[in-house]
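Fold and geometry: a report
This is what each chain is made of:
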Amino acid sequence: MHKQHIRKGDTVYVLAGEDRGKEGRVLKVLVQKQKAIVEGINIVTKATKPNAQHPQGGLIKMEAPIAISNIALIDPKSGKPTRVSLRRENGKVIRISKKSGEEIK
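Every chain is numbered independently, its residues counted from 1 as its sequence is written. Only residues with pLDDT of 70 or above have their local features reported here, since the model is predicted, and side-chain atom pairs are shown and tallied only from 80 upward, although totals for entire chains, interfaces and linings are computed over all residues. The side-chain values count all of the structure's non-hydrogen atoms but skip hydrogen atoms and water molecules.

1. Some thoughts on the pattern of salt bridges
Quick reminder of the rule: Whenever Lys or Arg places a side-chain nitrogen within 4 Å of a carboxyl oxygen from Asp or Glu, that contact is recorded as a salt bridge. Starting at the N terminus, helices and strands are each numbered in turn, a helix being any DSSP run of H or I of at least four residues and a strand any DSSP run of E of at least two.
In total, this model carries five salt bridges according to the counting rule given. In this structure, Arg25 and Glu39 form a salt bridge, with 3.5 Å as the shortest nitrogen-oxygen distance. Within this pair, whereas Arg25 is found in strand E2 (residues 23–30), its partner Glu39 is found in the loop between strand E3 (35–38) and strand E4 (43–48), the two being separated by 14 residues in sequence. The shortest N-O distance in the salt bridge between Glu89 and Arg87 comes to 3.1 Å.

2. Here's the deal with the sheet that holds E2
Note the threshold: A pair of strands counts as paired when DSSP detects no fewer than two bridges linking them.
As summarised here, the arrangement of the six strands in space is E6-E3-E2-E1-E7-E8, forming an open sheet in which the pairing is antiparallel. What marks the edges here is a single partner per strand, and that holds for strand E6 (66–67) and strand E8 (81–82). As judged from the two bridges shared by strand E7 (residues 71–74) and E8, these two strands associate in the antiparallel manner. Its bridge partner lying in E8, Ile74 is registered against Pro81.

So far we have only geometry, and geometry alone does not tell us how the molecule works.
In structure tokens form, the structure reads like this:
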């Protein structure tokens, strides 16, 4: 596995799929599956049995994972989608926006 260009807490833009053109915040990255769960994106309805969290059970709406190839990081400077380059400095990997050349925190 190589280093991911998307991390938890990043704001991303959806490039493909039903939610194309929307933006959201990354809640979780599934590295092994090359997928991410993005807030408000790829909403699915799931049937659940009653449990402690949902005593009634029934249908709940939740975010499903989306392929990392279908999302692009939002450039913090311009606010537009950008590609990311990775560079090593002092033993740490830093992410650099291809659009603005700025470091992504």
